[in-house]
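Coordinate inspection notes
Here's the letter readout for the chains.
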Amino acid sequence: LAKDAGRGCFRFFTRALQQSAEQRVRLAGELRRAVEAEQLEVYYQPIVELDTNRVTKAEALLRWKHPTQGTVSPAVFIPVAEDTGIIHDLGDWVFRQVIRQARRWRDTLGEDFQVSMNLSPVQFNVSGPSCRQWAELLASGDLPGANLVIEITEGLLMNTEPGILDILLRFRDAGIGVAIDDFGTGYSSLAYLKKFDIDVLKIDQSFTRNLSPDAPDFALCEAIVVMAHKLGLKVIAEGVETELQRDLLRQIGCDYAQGYLYSRAVPADQFEAFCRA
Ligand code: C2E
Ligand code: MG
Ligand code: MG
Ligand code: MG
């Protein structure tokens, strides 16, 4: 919820939710029916390769068009989905959408094109059905795992339950890439970087936001890039909004950038139009 602090419009709604269990229950009920009511849509945000300026990846970001509240931010409804277990069905639905889309874009945007999707720690809950049949779904969707990436957070890897490692290994066996989202904001131990087989670090927006040549955050970004490259990982900078940010990130050898400078998350057809332009 700290992420919402800057977004005044969601702030009131979020606080109201915290105060009113009743409202939370209602939102959960509405969310449960939202898939059937076709109020949910997966949007895609381009990820640009800094060397070539080409869009080589997309991040899938879920949107809920609520009949009376307007567009509800995932920062609001994902926590509700996590608390109520709805996240399992929701995650399965997102996964199916993403597979179908990634399959199409493999043909139209290139065989190396990757789509990444976010996974909450709750979705790794070993008692939940999520992540189980995903390898089968992948096979039946005729999509090579290499065209998919899952985004997880540092907190998940600090969890010592063996079940989590098993699920991650299953994704790896299917050829699916693993990215660490919001890198730098979680636990400070970096030991997990050698324990798990990670492909990509996504530098959190809080580090890219105030980039200038003499800002401490610039040194931090550079250190992350150097460390990642030594470990054989690629780096994506999130929240890139200005040309200055992009130029500085390019200067330190960051591999990819994602942010409003290029595009917000948009529906699939608009994403294609963006790639053609
Ligand atoms: P995230 O995965 O870290 O996604 C990045 C967030 O930053 C997105 O917010 C995106 O719209 C926003 N963003 C992108 N570029 C910029 C920029 O230049 N400036 C600023 N200020 N923001 C930017 P969004 O779409 O509201 O999603 C919020 C979070 O909700 C995501 O954070 C992710 O953790 C979660 N989420 C979204 N979709 C899903 C999903 O399908 N499943 C799960 N489990 N979580 C999801
Ligand atoms: Mg993400
Ligand atoms: Mg996140
Ligand atoms: Mg992030």
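Residues numbered from 1 in each chain as written. Chains lettered and ligands numbered in written order. Predicted model: local features only at pLDDT ≥ 70, side-chain atom pairs only at ≥ 80, totals over all residues. Heavy atoms only, no water.

**Regarding the coordination of the magnesium ion (ligand 4)**
As a reminder of what qualifies: Counted as donors are the N, O and S atoms within 2.8 Å of the metal, or 3.2 Å for Na, K and Ca, while water is not among the atoms, so some sites may look incomplete. The way it works is that DSSP assigns letters per residue, a run of H or I at least four long becomes a helix, a run of E at least two long becomes a strand, and they are numbered from the N terminus. Burial here depends on accessible area, computed with a 1.4 Å probe over protein chains only, as a share of the maximum for the residue type. Under 20% is buried, over 50% is exposed, and the range in between is partly exposed.
Those donors, Asp181 (OD), Asp182 (OD), Glu238 (OE) and Glu238 (OE), are the protein atoms that reach the magnesium ion (ligand 4), and they lie 2.1 to 2.4 Å from it. Here the donor residues of the magnesium ion (ligand 4) are spaced in sequence according to D-D-x55-E. Taken as a pair, the magnesium ion (ligand 4) and the magnesium ion (ligand 2) lie 4.2 Å from each other and share aspartate 181 as a ligand. Within this pair, whereas aspartate 181 is found in strand β6 (residues 177-183), its partner glutamate 238 is found in the loop between β8 (234-237) and α11 (243-251), the two being separated by 57 residues in sequence. Glutamate 238 matches aspartate 181 in its accessibility class, with the two residues each being buried.

**Considering the coordination of the magnesium ion (ligand 2)**
Binding of the magnesium ion (ligand 2) to the protein goes through Glu59 (OE), Asn118 (OD1), Glu151 (OE) and Asp181 (OD), at separations of 2.0 to 2.2 Å. In the primary structure, the donors to the magnesium ion (ligand 2) are separated according to the pattern E-x58-N-x32-E-x29-D. A distance of 4.7 Å spans the gap from the magnesium ion (ligand 2) to the magnesium ion (ligand 3). With glutamate 59 in strand β2 (residues 54-66) and asparagine 118 in strand β4 (residues 114-118), the pair connects residues that are 59 residues apart, well separated along the chain. On the accessibility criterion, glutamate 59 (3% relative accessible area) is buried.

**Some details on the packing of aromatic side chains**
We apply this condition: Aromatic contacts are taken between Phe, Tyr and Trp rings whose centres are within 6.5 Å, Trp giving its six-membered ring; a plane angle under 30 degrees counts as stacked, one over 60 as edge-to-face, and the others as tilted.
One pass over the full model with this rule turns up seven aromatic pairs. Summarising the aromatic geometry, the rings of tyrosine 44 and phenylalanine 271 are spaced 6.5 Å apart at their centres and angled 65° between planes, so their arrangement reads as edge-to-face. Note that tyrosine 44 is positioned in strand β1 (residues 40-49) and phenylalanine 271 in helix α12 (residues 268-276), a separation of 227 residues in sequence. For tyrosine 44, a relative accessible area of 2% corresponds to the buried category.

**What about the pairing of β8?**
The condition that has to hold: One requirement defines pairing of two strands: DSSP has to find at least two bridges between them. When the strands point away from the viewer, a crossover counts as right-handed if the path from the first strand over the helix to the second runs clockwise.
The sheet contact formed by strand β7 (residues 200-203) and β8 spans four bridges and is parallel. The residue of β8 that forms the bridge with leucine 201 is valine 235. Relative to strand β9 (residues 256-257), β8 is paired through two bridges, and the arrangement is parallel. Directly across from isoleucine 236, in β9, lies its bridge partner tyrosine 256. This β-α-β element, β8 to α11 to β9, shows right-handed connectivity.

Geometric values such as these leave the question of function open.
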